[in-house]
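Structural features, examined
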Amino acid sequence: MIQPLPTSATFLVLFLVAILAFDNLVEMADCWILDTSSLAVRRHRSLATFSSCSATTTLLHRSIYSRKNKYSSVCLAAAAKEREGFVKVSRRFGTVADPTEDGDTDTHEYDLHYKIVRPMNLSSQMAAPLVVLHGGPGVPSDYLYPLADVVGDPTPYRSVVFYDQLGCGRSEEPTDPRNYSIDLALDDLDFLLKKLNLKQFHLYGQSFGGMLAYEYTKRVAEREGSSLSGNGSSAPKCLSIILSSTPTEVKMVEQDVNEILARLREKDDDESTLAERFRLECQCRVASYPEPLKAAYDHAGSVWKGTAAIPDYAARPPTKDAKRMPSALVMRGEFDFVSSECICGWKSTLFNHKFVREKILKGCSHHALLENGVAYGEIIESFCSEYD
């Protein structure tokens, strides 16, 4: 005969059930907000050229990739739950060379594509979501999608938010170059974070994406530190920032790249093999060209792309009255064309605190995620967990 539970035990069970029920309600509310705030059905361009986003197909594609990288089946099953959609970002320009006294402007709206892996955990109190900024400019998020498979230990739980910046991938690509700048890209990021109703998050940027991540956190710190910020509005809280293979200056990294190319030409002057030799030397040191990287370059932007779009970028420290920026992790591969000199400024002068950590990934280069995904994910997850 089953004995009834003591009163205290019964109360504890009911209390735990209530907590779980509340957590599920919050997660359901998050998903409803995403559904109502995005154009999940309509597409700017056909997704037929990309991998299908159904759970079955996603799981199949990731299973093929994981067998090469030894990811667990548990990770794959968790990563199959995805949500994607669009948000509208706007651009405003004067209708003539010199706007009228009335300030006539021409406003355009464009679709910005996002994808969330494990969307039901966006509001989790255990692990804040990781927002991912891809590089380029103009190289979409495809090559970073494997990050969702390796972040989390032992079972992926953290939500991961990807989006294609305007001008590449699944997002629209306006032809007018006035639509593009670092400041406008920061406006888009700010808008997306608010549309997704994020309260707190970790920010990750790879290569150029790291520049955006730094500039975003600097902008928020300066805005919140200014005496003019007492308007009651505030950005979602960034708990930490991760800069992966991100140089502090474009001219510095271009000089390093030119030296590497010159050295490769000295060994072999065959220009037809130069790009592949450069890849194997310092970009992605795996025998076969990774499919995620190929997919990203196949759908790269053509209007605002590469370092030619940002030739004079050089990171500058925040103003003296800025609030403390988030704690930072700076990563690079041992053979990365982004040299140690290219990243030293992040730790020495650019953040307004000393909580900047550096990590070198042995045997890796610029795309360490695609070379040693498990180790890469463990480093990121461990760092994020410190600040959850």
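This report concerns the structure included in the present document. This one's a predicted model, so the numbers in the text were calculated from it and none came from an experiment. (Residues numbered from 1 in each chain as written. Predicted model: local features only at pLDDT ≥ 70, side-chain atom pairs only at ≥ 80, totals over all residues. Heavy atoms only, no water.)

1. Some thoughts on the environment of Arg-332
Cut-off, in case you're wondering: The way it works is that DSSP assigns letters per residue, a run of H or I at least four long becomes a helix, a run of E at least two long becomes a strand, and they are numbered from the N terminus. It only takes one pair of heavy atoms within 4.5 Å for two residues to be counted as in contact.
Relative to the helices and strands, Arg-332 resides in strand β7 (residues 327-333). Considered as a pair, Arg-332 and Ser-245 are 87 residues apart in the sequence and their alpha carbons are 4.6 Å apart. Ignoring sequence-local partners within four residues, the contact set of Arg-332 consists of Ser-245, Val-338, Ser-339, Ser-340, Ile-343, Lys-359, Ile-360 and Leu-361.

2. Points about the environment of Arg-223
Within the fold, Arg-223 resides in helix α6 (residues 208-225). As a C-alpha pair, Arg-223 and Ala-235 span 12 residues in sequence and 9.6 Å in three-dimensional space.

3. Section: the layout of surface pockets
Threshold: Think of a 1 Å grid over the protein atoms and nothing else: a 1.4 Å probe that fits but is trapped marks a cavity, an open set flanked by protein within 12 Å on at least five of seven lines marks a pocket, and residues with an atom within 4 Å of a point count as lining. Grid points are joined across faces, edges and corners, and a volume is the space filled by probe spheres set on the points. Any residue that is not Ala, Val, Leu, Ile, Met, Phe, Trp, Tyr, Cys, Pro, Asp, Glu, Lys or Arg is counted as polar, Gly included; the first ten are nonpolar and the last four charged.
Looking at the second largest pocket, its volume works out to about 610 Å³. Every residue lining the second largest pocket is counted, 29 residues in all, and those nearest its centre are Gly-136, Tyr-297, Gly-306, Thr-307 and Phe-337. In terms of residue class, the lining of the second largest pocket is made up of 16 nonpolar, 11 polar and two charged.

4. Thoughts on unusual backbone geometry
Between Gly-136 and Pro-137 the backbone carries a cis peptide bond, its omega angle lying at -5°. Relative to the helices and strands, Pro-137 is located in the loop between β3 (130-133) and α4 (147-150). A positive phi angle is found at Arg-118, which is not glycine, with a value near 60°. Within the element layout of this structure, Arg-118 appears in the loop between β2 (105-117) and β3.

5. Here's the deal with the sheet that holds strand β8 (residues 356-361)
As a general point, the strands of a sheet are linked pairwise by backbone hydrogen bonds and lie either parallel or antiparallel. For clarity, the cut-off: Two strands pair if DSSP finds at least two bridges between them. Between the N-to-C directions of two axes lies an angle of 0 to 180 degrees, each axis being a line fitted to C-alpha atoms and, for a helix, fitted only over the stretch in contact.
Here eight strands make up an open sheet; going across it, the order is β1-β2-β4-β3-β5-β6-β7-β8 and the pairing mixed. Edge positions in the sheet fall to β1 (82-94) and β8, since each of these pairs with one other strand and no more. Each strand of the sheet is rotated relative to its neighbour by a mean of 25°, with strand direction disregarded. Inspection of the sheet shows β3 paired to strand β4 (residues 160-163) by three bridges, in the parallel sense. Within β4, the residue paired with Val-131 across the bridge is Val-161. Packed on one face of the sheet, helix α5 (residues 182-195) meets β1, β2, β3, β4 and β5 (200-206) and runs near 135° to β1.

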